[in-house]
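Here is what each chain is made of, one letter per residue.
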Amino acid sequence: KAEQPAIRVGFFQLFRFATCNEVLMMVVGSVCAVLHGSAQPLMLLVFGLLTDTFIEYDIELNELSDERKECVNNTIQWNLGPHEQFNTEGQAVILDIEYEMTQFAFYYVGIGAAVFLLGYFQISLWVTAAARQIQLIRKMYFSKVMRMEIGWFDCTSVGELNTRMSDDINKINDAIADQVAIFLQRFTTFVCGFCIGFVKGWKLTLVIVAASPLIGIGAGLMALFVAKLTGMELQAYAKAGAVADEVLSSIRTVAAFGGELKEVERYDRNLVSAQSWGIRKGLIMGFFTGYMWLIIFLCYGLAFWYGSSLVVDTEEYTPGTLLQVFFGVLIAAMNLGQASPCLEAFAAGRGAATIIFETIDREPEIDCLSEAGYKLNRVKGDIEFHNVTFYYPSRPDVKILDQLSVAVKSGETTAFVGPSGAGKSTAVQLIQRFYDPKEGMVTLDGHDIRGLNIQWLRSLIGIVEQEPVLFATTIAENIRYGRPDVSMDDIITATKEANAYNFIMELPQKFDTLVGEGGGQMSGGQKQRIAIARALVRNPRILLLDMATSALDNESEAVVQEALDKVRMGRTTISIAHRLSTIKNADVIVGFEHGRAVERGKHNELLERKGVYFTLVTLQSQGDKALNEKNAIPEEEEEELVEPAPVARILRYNIPEWPYMLFGSFGAAINGGVNPVYSLLFSQILATFSVTDPVAQRKEIDSICLFFVMVGVVSFFTQMLQGYAFSKSGELLTRRLRRLGFHAMLGQEIGWFDDHRNSPGALTTRLATDASQVQGATGSQIGMIVNSLTNIGVAICMSFYFSWKLTLLILCFLPFIALSGGFQAKMLTGFAKQDKQAMEAAGRISGEALNNIRTIAGLGKERNFVDMYEAQLDAPYQAALKKANVYGACYGFAQCVVFLTNSASYRFGGYLVRQEGLHFSLVFRVISAIVTSGTALGRASSYTPDYAKAKISAARFFQLLDRVPQISVYSDKGDKWDNFQGNIEFIDCKFTYPTRPDIQVLNGLNVSVKPGQTLAFVGSSGCGKSTSVQLLERFYDPDHGRVLIDGHDSTRVNVPFLRSKIGIVSQEPILFDCSIAENIKYGDNSREISMNEVISAAKKAQLHSFVMSLPEKYDTNVGAQGSQLSRGQKQRIAIARAIIRDPKILLLDEATSALDTESEKTVQEALDKAREGRTCIVIAHRLSTIQNSDIIAVMSRGFVIEKGTHDQLMAVKGAYYKLVTTGAPIS
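Residues numbered from 1 in each chain as written. Predicted model: local features only at pLDDT ≥ 70, side-chain atom pairs only at ≥ 80, totals over all residues. Heavy atoms only, no water.

Caption draft 1: View of the overall build of the protein. Of regular secondary structure, the protein possesses 42 helices and 22 strands. Expressed as a percentage of the 1227 residues in the protein, the buried residues total 52%. Residue pairs at least 24 apart in sequence account for 80% of intrachain contacts in the protein once pairs closer than 6 positions are excluded. If you sum the accessible surface of the protein, you get close to 54500 Å²; carbon and sulfur atoms cover 57% of it. (Helix = DSSP H or I, 4+ residues; strand = E, 2+ residues; numbered from the N terminus. Buried < 20%, exposed > 50% of the residue type's maximum accessible area, 1.4 Å probe, protein only. Contact = heavy atoms within 4.5 Å. Areas by Shrake-Rupley, 256 points an atom, 1.4 Å probe, with all protein chains shown as cover.)

Caption draft 2: Examining the pairing of strand β20 (residues 1175-1179) more closely. For β20, the tally of buried residues reaches five of five residues, placing the bulk of the element in the interior. The alternating pattern of β20 places T1175, I1177 and I1179 and C1176 and V1178 on opposite faces, both of which are buried. Relative to β20, strand β15 (residues 1014-1018) is paired through four bridges, and the arrangement is parallel. Directly across from A1016, in β20, lies its bridge partner V1178. Where strand β19 (residues 1145-1149) meets β20, five bridges bridge the pair, whose relative direction is parallel. (Pairing = 2+ DSSP bridges.)

Caption draft 3: View of the pattern of salt bridges. Using the criterion set out here, one finds 24 salt bridges in the structure. We note a salt bridge from E316 to K203, for which the minimum N-O separation is 2.8 Å. Taken as a pair, E316 in the loop between α9 (260-312) and α10 (319-361) and K203 in helix α7 (residues 202-249) lie far apart in primary sequence, 113 residues in all. For E316, a relative accessible area of 41% translates into the label partly exposed. Here R735 ties to D268 by a salt bridge, and the two come within 3.1 Å at their closest N and O atoms. Taken as a pair, R735 in helix α24 (residues 694-746) and D268 in helix α9 lie far apart in primary sequence, 467 residues in all. What you see here is one network of salt bridges that share partners, running through E265, D268, R735 and R739. (Salt bridge = Lys/Arg side-chain N within 4 Å of Asp/Glu carboxyl O.)

Caption draft 4: Region of the structure containing the sheet that holds β20. Reading across from one edge, β18-β19-β20-β15-β21-β22 is the order of the six strands in this open sheet, with mixed pairing throughout. Since the sheet does not close on itself, it has two edges, and those belong to β18 (1062-1065) and β22 (1199-1204), each with one partner. Direction aside, neighbouring strands of the sheet carry axes that sit 20° apart on average. Sitting on the sheet, helix α34 (residues 1025-1032) is in contact with β15, β18, β19, β20 and β21 (1191-1196), with an inclination near 150° to β20. Where helix α39 (residues 1127-1140) meets the sheet, it contacts β18 and β19, and its direction lies at approximately 180° from that of β18. (Axes fitted to C-alpha atoms, helices over the stretch in contact; angles between N-to-C directions.)

Caption draft 5: Fine view of the packing of aromatic side chains. For the coordinates displayed, the defined rule picks out 46 aromatic pairs. Judged by centre distance (5.9 Å) and plane angle (75°), the rings of F980 and F1057 are edge-to-face. Here the residue F980 occupies a position in the loop between α33 (945-962) and β13 (984-992), and F1057 occupies one in helix α35 (residues 1055-1060), the gap between them amounting to 77 residues. As far as burial versus exposure is concerned, F980 and F1057 are alike and both buried. If you follow R16 out to its NZ or CZ, it ends over the ring of F357, 4.8 Å from the centre. Lying over the aromatic face of Y237, R738 brings its terminal NZ or CZ to 3.9 Å of the ring centre. (Phe/Tyr/Trp six-rings, centres within 6.5 Å; stacked < 30°, edge-to-face > 60°. Lys NZ or Arg CZ within 6 Å of the ring centre and 35° of its normal.)

Caption draft 6: Geometry of the packing of α10 against helix α23 (residues 658-689). Following both chains from N to C, one finds α10 and α23 inclined at 150°, their axes separated by 10 Å at the closest point. Accordingly, the angle class assigned to the pair α10 and α23 is roughly antiparallel. Where α10 abuts α23, its residues P319, L322, L323 and F327 lie against Y678, F682, L686 and F689. Of the residues in the contact of α10 with α23, the class split is eight nonpolar, no polar and no charged. (Parallel < 35°, antiparallel > 145°, perpendicular 65-115°, else oblique. Nonpolar A, V, L, I, M, F, W, Y, C, P; charged D, E, K, R; others polar.)

Caption draft 7: Structural view of the confidence of the model for the protein. Summarising the model, the protein shows a mean pLDDT of 78, and 87% of its residues fall at 70 or more. Taken element by element, the predicted model of the protein shows its lowest mean pLDDT in helix α21 (residues 620-628) (38) and its highest in helix α1 (residues 20-37) (91). Residue range residues 621-639 is modelled with pLDDT below 50. Its contacts to residues more than four positions away, or to other chains, number 17 contacts. (pLDDT = per-residue confidence, 0-100.)

Caption draft 8: Up close: the sheet that holds strand β11 (residues 588-593). The six strands lie next to each other as β8-β9-β10-β5-β11-β12, forming an open sheet whose pairing is mixed. Only two strands of the sheet have a single neighbouring strand rather than two, namely β8 (461-464) and β12 (596-601). Taking each pair of neighbouring strands and ignoring which way they run, the sheet shows an average axis angle of 20°. Strand direction decides the pairing type here: strand β5 (residues 413-417) and strand β10 (residues 572-576), joined by four bridges, are parallel. Directly across from T414, in β10, lies its bridge partner I574. Strand contacts of helix α11 (residues 424-431): β5, β8, β9 (542-546), β10 and β11, with the helix running at about 150° to β10, the strand carrying the most contacts.

Caption draft 9: View of the side chain of S575. Along the chain, the position of S575 falls in strand β10. Owing to a relative accessible area of 10%, S575 belongs among the buried residues under this scheme. Those residues in contact with S575 that lie beyond four places of it in its chain are T414, A415, F416 and L545.

Caption draft 10: Expanded view of helix α14 (residues 488-497). Of all the residues in α14, the buried ones are I491, A494 and T495. Looking straight down α14, one finds that the buried residues subtend no more than 95° of arc, so they occupy a single side. Positive phi shows up at N499, right after α14, with a value of about 55°. (Arc of directions from axis to C-beta.)

Caption draft 11: A look at the environment of D1149. When you line up the elements, D1149 lands in strand β19. Exposure remark for D1149: the relative accessible area of 14% places this residue in the buried category. Between the alpha carbons of D1149 and S1066 there is a distance of 4.6 Å; along the sequence they are 83 residues apart. Leave out the neighbours within four places in its chain, and D1149 touches S1026, V1065, S1066, Q1067 and I1179.

Caption draft 12: Quick look at the nonpolar core. I172 and F385 are the most contacted members of the largest nonpolar core, which has 95 residues in total. The element that contributes the greatest number of residues to this core is helix α3 (residues 93-147), accounting for 12 residues. Setting aside chain neighbours within four positions, we find I172 in contact with L14, I134, I137, G349, A352, A353, I356 and F357. Judged by nonpolar contacts, the second largest core, of 72 residues, contains L733, V1001, F1035 and V1053. (Core = buried A, V, L, I, M, F, W, Y, C linked by side-chain atoms within 4.5 Å.)

In structure tokens, the structure reads:
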């Protein structure tokens, strides 16, 4: 099938479910958004006029302070006399400024109020419209999914459907809700900002625009470099990750040879390069951030320098125009940047919609809710298969039924038997019309069932499955699922027939007892009987029993079987079973094999035929066993919840890097001071415009522009310093944590690795991600905090210094500004969490429905579940509508706060200028300093998602570091003694693996070996041979009983000491990805090993001559897991590795079983050499390897059934004798 593009839904198709009302809401919302978008540029116009007014006022003051002028009739004139009157534009200077400011304040308030309303409508209308559409999409999607044929569910996993219903639909929601409005608003601002720039002053606009590509190039390069460096860093870490993976996958080998500390060193060596790449990345990011700031300040300098020359020299612009143009372009650029994240949301939404809409449009092949089809008046109940061929849609290459022809007569009980996979259950599913056959047909009373109405057909059938599914409600309700209009008396009759009445009446709440999620509160037999009652309540013509008793113990089976025998009378019954007891008394037995019915007849007839049925009966016991070992899939457990770790503890791990953190904080502090300095320079420029002396004015403007350049250069260096210092401290911390974490992992007992949550994959991921996320809580976070604090500190000190009254007024607004900044950041992350909780109830219903779709289809209850689901959707929908209003109001408020602040402050500023002679530039200085730092504060508070993640990651890490292993590798505690003999005794050992507590592996093992003897274990797999070896190595401790080594209890012996005395050669020797010599040296990690020793060990292992024939001899790399070598070669390296540690005890775990005869001889010779003078335990299947052992112990089901030498055991003629003579493994 050709790859289709991932996004096949156009943007406007996302709105295909919108009604006229919703379209209207969206149109009005869009209009509001566009108007709102034009508000900011509009404010600039007001701002320009306001600046001009202030500057004019200041010029007049300057002129009045000139002695030669005076104020007559509200006009300023020279003192020469009336004929040469010199008018300035100003009216009464006296009234002037405060009146004007009041006017401006009203403008601001007006715009603010408009913004509030527009913001509210724009958001709430869009969100409401989206909520309605999403509600509809959810309903349509779920009801369509419930109508799909079962084959569709085979091909789509339930987990995937659940994700689609929650996440994917939420993604659509994000794409059609507030994001559209915000995008429109920002885009409008962008357009209007540029328009103002070009209309008011095209020259300056062009100059600014000309410089902007530099910023774009910087941003592009930064993204490119960061991506590249991240790749390099990951690649560098991949080496260390490979080491970790290799070590954790072969943890038993590492433990046996005591290589833990050596491995930690090797891991640490590989972390160095990852660390250096990380530091480079920090430096480069610092460099580019610095570069961006530098360019921005240079732009400021250029714009003001060129702009002021336009104002002062050519007088093309008023100072107000200069500001309008400059800020117009600035705001336009910023909004363009902010509009781009919305595009991502749109793309994600379209991607998610693709699959969902395709499902909604798909017509089910077997539509269970359709009204079409016949309903027969009388049903006899004859079922017949005519040459049916069938494949499952999920496995089209496997033929399940092959020309199956079977007739089931009405009123009879027919049993289907056959090996698993023969197509018995499939035949039953075809009767229920879960699937349609590829060829042939299934008929009921001679009618093809494809022509019958599905709901009606399924209502005739009662089915009891092997694993009955109960729904999470009361017993009575569960039985009612069989037939909706059933009376309580009918329920009681049905339960009596199903032998369930008595146990239900004994429960405290009787029929109102809740059965729990999936019937979890009930035992297997109880669930089964409730399911039978549910089937009986339908009063079915046809009863299908699919292994209805196989999952029960004998006691319940008898009860359930009795119930089934009662209800079979007078109905067409098809029973699938493996147990004889359930089949013997069937009227007809049909034997299945490879998708065909190969024989039919009564019990006795079939036994004589010696066919399928005969083999099943004779293998009855095996059949039972195979069935009872149902493949239990480990339930995916929830992540355990961890309390976020305290920051203090994270920082403790980072103490050695304090100089870096100090320098980083220093850089961050200077960076924080940049914003207020900017507002200082900005107001200083305005002040120059009111200077009357042109020369002084020019000089001042130049010096200010130079100052801009200086600030840019300084911030370039401090940004680099901050980036480098914090990335250095962060990377060192990451490396330290990774090392500690790895060290802690290798120190855990082996049982800990058996838990599937601690699989090598999971652990390596934890080292890779958790450790690097912890950085987020230290370096960069401190930088962020220092930055914000200095920013606000400097701004407030500066403002108080220049005008404390105005500052106090603005500070009243500061919390709101910070809030609005933080709020907007929060809004972008959305209200997803609340939605998730509201959706939980609906999610539970959909999850239950999808998981048990077969049962629901069999009972014909799809419609019920759809209704239940839709009822549950109401609460989240109401919540979404409420949210729309709250969200809209908050958004509107956040947007209008700045306008209100400005209106109040400029009005009060006007008063201060007039009454207290405050210089007007200081008004601008104070306002811009505090407003910019306030928004910066809001932004900073939004940069904390990493922080929370870091604390959780750290907590998970500390959990690992704090875990005390039950068998400690690193401790010096425990006995050590000098003359280690190698005397081993197992006394009544019982053991179960911690991950499989229900399977008793050792069950009272008693056996002893004297020093220098060889003990051989034989027995079928799973009898506990290898387990006993693991107890000796102390990978595990026995649950009961003791293992004595030289009379010392193994649990008291020092672990490294004990393991250093044991050499092990296992069936699949695990080699590490290094040279042959290094692999052999791995045998003894406690000392440096000379090459001579390696060679002598290799000679003993019959390995030397082979190694010398290789081009690189002992330096040959063996490849990952030793893949470059043959089995026999690997095995001999493993033997050399065991010999080199000169162990007192040698364990050979099926050391030769995987080899061909040729290699086996060589290896066997090597082993015989190695065994001399050592206590040896051999586990083997092949007799040749064990005949000459001192003691042979035959094990079965976890204990020794007979032991002695070869000859003694042959004389006893017991299990061992049988084994030798038949050559069969003992079971």
